[in-house]
Every structure is written in C-alpha cells, then in structure tokens.
Number of protein chains: 2
Amino acid sequence: MRVLGVDPGLTRCGFGVVQSGRGREVSPVAVDVVRTPPDLELSRRLLRISDAAEEWLDAHRPDVVAVERVFSQHNVRTAMGTAQAGGVVALAAARRGIPVSFHTPSEVKAAVTGSGTAGKAQVTVMVTRLLGLAVAPTPADAADALALAICHCWRAPMIARMAQAEAAAAEAQRAYRARLALAARTSRSGR
Amino acid sequence: MRVLGVDPGLTRCGFGVVQSGRGREVSPVAVDVVRTPPDLELSRRLLRISDAAEEWLDAHRPDVVAVERVFSQHNVRTAMGTAQAGGVVALAAARRGIPVSFHTPSEVKAAVTGSGTAGKAQVTVMVTRLLGLAVAPTPADAADALALAICHCWRAPMIARMAQAEAAAAEAQRAYRARLALAARTSRSGR
C-alpha cells in the first residue's frame, strides 16, 4: 500500500509518501514541504496548496491519503487555515476517487513513538529510524507528513476491521428492524 | 457589482447572489442551500460542496465572493468542517481568478441590522426587508448567505479605501528605506 501523508498548513504544508511492505515494514518514497507566502490572499494560498496536492497525487498515485485531523490549536486563526489547507488536499484526493483518512496528532504520535504525548523531536527521531533515513527530514512538517503516512499504514488493518464490524452491526440492526416490522404487520392482519 | 455570499457548512451550505446598485441599493438574484449527508465521507462532502460552488460561480459569474470567516464555534469539529467548506469554496473562486473576501459574523450582523450581536431571526427580517422579498428566505443559512453578500456590497468601498491606504503607506515606507540606503551609501563613499 502506498500512502501520501499530509501535515496541512498554509505557511508550510508537509507531503510525505511511504510504501508499506510485509508486517510493519515501511519504506520512504518522497518527502517535501510546500510553502505559501503569508502576504498572499488566502484563496490564492489555498490554490497553491491544491495545485501542489494534485502534483503529488499525480506523481505518486497513492492508494490512500492520510491527513492530520485538526481538533484545536492555541491560535484559532491558524487552526482555521490548517483546516482549510487539509480540506483542499482532501478535495483533490476525492476528485481522483482516492480515499482520505484523518488521524489526530495523538494517534500519529502514539503510532510512531508509542506515546500520544511525544514531542516533535521524538517523532522526527522515530520517523528517521523507522524509514532508515540517513538524515532526519526537516522541517518538522516534513517528518510529520511521513509520520502520518506510517501511522496510516499501521492503523489501516484495524480501521478496516472496525468498518467491517460497523457494517455488520448496521446490517444486523436492519434485519432485526425488518423482522419487527414483519411481526407487527402479521399480528395486525391476524386480528 | 454582483456578489456571491456563502455561509459555509458541511451539512448546509448557503449560497446567495446579490446585485448592488446606486448607493446602498441591493437586489436579490438567487439563493439556495446545498446539503451533504452527514454519513458521507468528509472528502466526498467537500467534493459536493466544491461542485456546487463551481455551478454557482459559472451560473452567476459574480465579481467577488464573500465568505463567512469562522473564528470559533462551540463545537470544534463543526468549526473545522465549516472552515474546510469555506476553503473549498474560496479555492473554486481562486481557480476562476475571482477575488474572495472574508467577513466575520459580527461584521455581517452589524452591516445588515446595525448590531454586531443581532440574532438569526433579526438578520433574516432585515435581509427580507432590504432585498424586498415577499417571503423570508429559509433556512437561516440561506438568509445568512444573502446577508454576507449585502455586507460585502456595503463594505467593499471601505475595504478598497483601506487597501489603497495600506498600499500607499507601504510605498512611502519603501521610498523612505531607499532614501536611507542611498544616504548610507553616499556617506560611506564620501569617507
């Protein structure tokens, strides 16, 4: 499975592609950070990020895109920009029919370091080690994008099992409701 | 000036087109609400909103798009979805070279009701009156989209004056720095 991890942001947007192998094997394919100037109009910054996302999707043809789910940040304005950048990346994937999976920062940290509260430096160290990189990826947004991709590779089987279980539960509930409705109709017509 | 106002949202996204005339004259062109099902994958919901935005832009060819600027909401998850919906609308406009202007809810309320803390019902009443509509637009997202468009029509001259003043100040500062640099070079070469 080939995963494009994206650490969204207006000023710096990290892109990282990882290929998963057997078990927990992961290997690096590409990583970079796309920047947009803060003095550019917001809609034009989003356009640049969208164009970059389309280039990465077309160049690396990932099976899935893993984007950081933004819950809250100290700066609300920054959080909104981050959400908007993630939104246009998800849109570019949806246009190509590529599924998008969102992971929270603590899920990503827990996956690569074993602790959901690990620091940025620790994430970079683990990403460098897990991918067997000679040099640590910089800036942190680049390492975070790779961490997101690794996190998805490892969480994907569990997410798939959960989706299957949910679908089975929904189907069971549907069948139960259908039986109830049939019983009600039968008892009415029997009167 | 023709303005497309957008009240962004994943569940309901309001679109409203208003044409401005002389002074504070505003007339209604079109209004509607686009919905996406909550059980659809986030990236596919964004794709539907993006498609709707493109249809509205192509059908009404606005001179500018006015989008609500999200600062905070009680529910962070909703706020992020709102920001992402607004982001893909802004992106669609940027792709067509149409400028996007963001207005805060209090700026919109102040523009159409005179009070930045007006309630939703008050906004709907004023939008209905200002546009001479026979029936109040529903749901609130439709009225809010029209209010955003009206707000932009009225704030645009002020925004343009502020941009001119900022550009003039930046130019004056640039000229001042150039003079300083020239003076420094002259004094050095004079030694």
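To start, this report covers the structure provided alongside it. Because the structure is predicted, anything quoted here is derived from the model rather than measured.

**Remarks on the relation of the copies chain B and chain A**
Next, step 1: Once turned by 180° and shifted 0.1 Å along the axis, chain B lies on chain A with an RMSD of 0.1 Å. Overall, the copies show the geometry of a two-fold rotation axis. Judged by C-alpha distance, B:Gln84 is the residue of chain B that lies nearest the rotation axis, at 2.2 Å.

**Details of the environment of A:Thr124**
Next, step 1: With respect to the helices and strands, A:Thr124 occurs in helix H4 (residues 120–130).
Next, step 2: Note: C-alpha distance between A:Thr124 and A:Pro137 (13 residues apart in sequence) is 7.1 Å.

**Description of the sheet that holds strand S3 (residues 26–35) of chain B**
Residues and elements named next belong to chain B.
Next, step 1: Taken in spatial order, the five strands of this open sheet run S3-S2-S1-S4-S5, and their pairing is mixed. Whereas interior strands pair on both sides, the edge strands pair on one side only; in this sheet they are S3 and strand S5 (100–103). Neighbour-to-neighbour, the strand axes of this sheet turn through a mean angle of 20°, independent of strand direction.
Next, step 2: Note: strand S1 (residues 2–7) against strand S4 (residues 64–68), four bridges, orientation parallel. Residue pairing in the sheet places Val3 in a bridge with Val64 of S4.
Next, step 3: In the packing of helix H2 (residues 76–95) onto the sheet, contacts are made with S1, S4 and S5, and the angle to S4 comes to roughly 170°.

**A few points about the sheet that holds strand S4 (residues 64–68) of chain A**
Residue and element names in this part refer to chain A.
Next, step 1: Within the open sheet, the five strands sit side by side as S3-S2-S1-S4-S5. Their pairing is mixed. Edge positions in the open sheet fall to strand S3 (26–35) and strand S5 (100–103), since each of these has one partner strand only. Along the sheet, successive strands turn relative to each other by an average axial angle of 20°, direction set aside.
Next, step 2: Where strand S2 (residues 12–20) meets S3, nine bridges bridge the pair, whose relative direction is antiparallel.

**A short note on helix H2 (residues 76–95) of chain A**
Residues and elements named next belong to chain A.
Next, step 1: Here H2 spans 28 Å end to end across 20 residues, near enough to the 28 Å set by a 1.5 Å rise per residue.
Next, step 2: Counting buried positions along H2 yields 16 of 20 residues, so the element is predominantly enclosed.
Next, step 3: Looking one or two places after H2, you find Gly97, whose phi comes out positive at around 70°.

**Overview of the pairing of S4(B)**
Residue and element names in this part refer to chain B.
Next, step 1: Of all five residues that make up S4, five are buried, and the element is covered over most of its length.
Next, step 2: Of the two faces of S4, the one carrying Val64, Ala66 and Glu68 and the one carrying Val65 and Val67 are both buried.
Next, step 3: As paired strands, S4 and S5 are joined by four bridges and run parallel to one another. The partner of Ala66 across the bridge, within S5, is Ser101.

**Examining the interface of chain B and chain A**
Next, step 1: Taken together, the contact between chain B and chain A spans 30 residues of the former and 30 residues of the latter.
Next, step 2: Surface buried jointly by chain B and chain A totals about 2,400 Å² across both partners, of which 63% is contributed by carbon and sulfur atoms.
Next, step 3: The three residues of chain B that bury the most area against chain A are B:Met80, B:Leu91 and B:Arg95, which together make up 21% of that side's buried surface.
Next, step 4: Counting across the interface, chain B meets chain A through four salt bridges.
Next, step 5: Of the charged contacts, one joins A:Arg95 and B:Glu54 as a salt bridge, the two residues approaching to 3.5 Å between their closest N and O atoms.
Next, step 6: At the junction of chain B with chain A, the criterion picks out six residue pairs in polar contact (both at pLDDT 80 or more).

**Quick look at the environment of A:Ala111**
Next, step 1: Relative to the elements of secondary structure, A:Ala111 occurs in helix H3 (residues 105–113).
Next, step 2: Contact partners of A:Ala111, with chain neighbours within four places excluded, come to A:Arg24, A:Cys151 and A:Trp154.

Definitions and cut-offs
Residues numbered from 1 in each chain as written. Chains lettered and ligands numbered in written order. Predicted model: local features only at pLDDT ≥ 70, side-chain atom pairs only at ≥ 80, totals over all residues. Heavy atoms only, no water. Least-squares fit on C-alpha atoms with pLDDT ≥ 70 in both. Helix = DSSP H or I, 4+ residues; strand = E, 2+ residues; numbered from the N terminus. Pairing = 2+ DSSP bridges. Axes fitted to C-alpha atoms, helices over the stretch in contact; angles between N-to-C directions. Contact = heavy atoms within 4.5 Å. Expected span 1.5 Å × (residues − 1). Buried < 20%, exposed > 50% of the residue type's maximum accessible area, 1.4 Å probe, protein only. Buried area = accessible area lost by both parts, 1.4 Å probe. Salt bridge = Lys/Arg side-chain N within 4 Å of Asp/Glu carboxyl O. Polar contact = N/O pair within 3.5 Å; in protein donor to acceptor, adjacent residues only side chain to side chain.

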